[in-house]
Structure formats: structure tokens, C-alpha cells
Amino acid sequence: MQRLRQEAARSADTHLLRLEFPGFPGIGFYFKDEAAHPTGSLKHRLARSLFLYALCNGRLHAGQAVVDASSGSTAISEAWFARLLGLPFTAVMPACTSPGKIADVQALGGHCDLVEDPTTVHARAAWHAARGACHLDQFGLAERATDWRGNNNIAESILGQLAQEPDPEPAWIVCGAGTGGTSATIGRYLRYRGLRTRLCVAEPRGRAFAHGWHARYRDAGCSRDTVIEGIGRPRVEPGFLFDVVDEVVEVDDVASIAAAWLLEDLLGRRYGGSSGTNLIACLRLAARMRQRGVRGSIVSLLCDRGERYDQTLFDGAWLAQHGLDPQPQLAALRQVLAAGQWPGDAGA
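Definitions and cut-offs
- Residues numbered from 1 in each chain as written.
- Predicted model: local features only at pLDDT ≥ 70, side-chain atom pairs only at ≥ 80, totals over all residues.
- Heavy atoms only, no water.
- Buried < 20%, exposed > 50% of the residue type's maximum accessible area, 1.4 Å probe, protein only.
- Helix = DSSP H or I, 4+ residues; strand = E, 2+ residues; numbered from the N terminus.
- Contact = heavy atoms within 4.5 Å.
- Polar contact = N/O pair within 3.5 Å; in protein donor to acceptor, adjacent residues only side chain to side chain.
- Disulfide = S-S within 2.5 Å.
- Pairing = 2+ DSSP bridges.
- Axes fitted to C-alpha atoms, helices over the stretch in contact; angles between N-to-C directions.
- Core = buried A, V, L, I, M, F, W, Y, C linked by side-chain atoms within 4.5 Å.

Tell me about helix H7 (residues 154-161), and name the residues and values.
When we look at burial in H7, the residues that qualify are Ile154, Ala155, Ser157, Ile158 and Leu159. Looking at the packing, one finds that the buried side of H7 touches strand E1 (16-19), strand E2 (27-33), helix H2 (43-56), helix H8 (181-192) and strand E10 (296-302). The N-capping residue of H7, defined by a side-chain oxygen 2.9 Å from the backbone nitrogen of alanine 155, is asparagine 153.

An account of the state of the cysteines is requested, with residue identities and associated values reported.
All chains considered together, the criterion is met by 0 disulfides. Cysteine cysteine 200 is unpaired, with the sulfur of cysteine 282 as its nearest cysteine sulfur at 7.8 Å.

With reference to specific residues and values, describe the sheet that holds strand E7 (residues 172-175).
One open sheet accounts for 6 strands, arranged E1-E2-E10-E7-E8-E9; its pairing is mixed. The sheet terminates laterally at E1 and strand E9 (247-251), the two strands that pair on one side only. Put simply, the sheet's adjacent strands are angled 25° from each other on average, direction ignored. Pairing geometry for strand E8 (residues 198-204) and E9, over 5 bridges, is parallel. In the sheet register, cysteine 200 faces E9, and the bridge partner there is glutamate 247. Seen against the sheet, H8 touches E7, E8 and E10 and runs at an angle of roughly 165° to E8.

Outline the nonpolar core, listing residues and values.
Ranked by size, the top nonpolar core spans 47 residues in total, and within it Phe24, Phe29, Val174, Leu283, Ile298 and Leu333 carry the most contacts. In terms of nonpolar packing, the next biggest core, distinct from the first, is built from 30 residues, Ile154, Ala177, Phe240 and Phe242 among them.

And the structure:
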């Protein structure tokens, strides 16, 4: 606990970046740069919370091995904290995870247990736990391990950083759903504070959160695959709280990739595909606001470093192999920024 308190005291908050686009006068776009964490992603917050939760509940003991199922970013953050605490760590990961993420876990001293079938990661993590490892269980515990009332959670941080801005109470906050912990934290905190801000989940098209949210059906599954890592789960996870989410925007993978490319042009550095998914949802919401003559601010997250996807989403050969060409979408997005209108539906 003392090592975790020391780490928290050494840490600074992440930046909230503001962008303005000519097609959206009166609408400010803010992006919380979670890639600035020491482990390069939003999951740094979650990993700290999971270790604290395991320690405070007596589930984690000195010298005990630690395991979790992760597609990459959470595993990297957990490996970092495990090294800080001197604990052996195993990440159960789909074999299709970006090579850069696997290398990052290994560089931090973690072991990667790669499984061919992504649906078996939970069972494999339970197998390790049955042999004495502490299962951090990001998917089962994320929404309860994070203190949604305060303790510098991401929602409290965002609203504090907006306090001096022209529209300190945003019209929308946009995030994805991986474990469901971030959307649950933000949605609860907005209600706790009595704010009018609405929460939108940006989801790869055809994945489980969208199906489950529309039908309020917790046994929903996915109807198509996705190459966007970290969000777009194939099943409804225990931490998915549908009732705190006001809207879900589904995004095609190629549009998410194009938006990730656009973010590099706008901000001068690369971010991952889920950040692109968030940007698409922001632009859809902004187009609707402009159509209705509504001013205000929209906040979203830059979830992780794009360098982790140099061999996938930013690699021309990999994209061609998967039949993905972001260039037409990229041109269309530039037009959206200039005109303030979503193609085909005028922001509807």
C-alpha cells in the first residue's frame, strides 16, 4: 500500500487538450490524453485500482503471483504495477494481440500466455487463479474497484480541468466500453454531481455493448468481428451498466482507423484505434448539435499510444491484408471538420 501511495504522489494528472474546427463554431472539443500515463494508456488508472482493491480485500499477499485476462493495454499497466510491487505477473492474451503490446508486457517482466481462441481468456485466467495466482479480474471487478464518487477518478479530473473553460459543464462525454469501468465511473459521477452532461459510449459496430444497451439484454453477444483493440467486447461484461449511458454510437472499423490517422495530423502524435472510435462519435454528436443550433463542449478520451499499432492500424500491408483502406474515410472526415455536417444524414 505504501508503494502505491508513493507512486500516486509522484504522478501528475494527464492533459486535457482543446481543439476547435471551422465547421463547428461554438463547439469546443476536448480530449483527455490518457496516453501520457507512465504505461501509455487509460488503463494505468484501472490497474492501480485493481491492485488496491485486491490488497484492501485481502486477496493479494506478499510474493503472490498475479494474473489477468487482457487484450493488451491493461496487461501492460498491470505488469508495470506488478514490477513495482515485486510480484510475478501473467497476462492471458489473445494470440492476435498487437505484437507491440506483447513486447511491452514482456519488457516489464510480465509473462504472456497467448490463447488462439479469444473467448477462452477468462477460463485460462481462472486456471491460473486455481493454482494460487491472484486474479485481478478487470472484467469482473472494474466497475466496483474504481471509486466513482471521487479520489481523482477520470470524471472528477475532467470536470476539474474544465472549470475555467467557456463551457465547464460539457454537453457530452464520450468513451468506449472495454471492461465497462470507465463508462460506469463517468455515468455514476455525472449523476452524483447532478450535472446535465450526457454520456455516450462509442462502440465498434456490431459488438456486444451496443446490442445489449439497445435491448437491455445482458446475454447479448456480438454480430461481427472488430480489429479495434481494447473496446468492443464479444459479450456483455459484468461491469457494463446500461442505465448510466444516454447514447451509443456504433462505428465501422475503417472509420475508426481513419479517425486515428486524423488525430495524428491534428495533435502531432499517434493514438490507438479506440481513440479514433471516440472521435467519430464526437463528430456525430457535434453535427447534431450544430444542426440544432446548440453550443457547448464535448469531451472524450485519447486512450493509448498509437505506436503500439505501428504493425497493424498504421501499417499499409497489414491494412491491405485485412481489406481496410482508410484513405476515403479520411478525406470524408476532413470535409466534416470543414463543413460541420455528417455525410448522408446531416447530423441525424
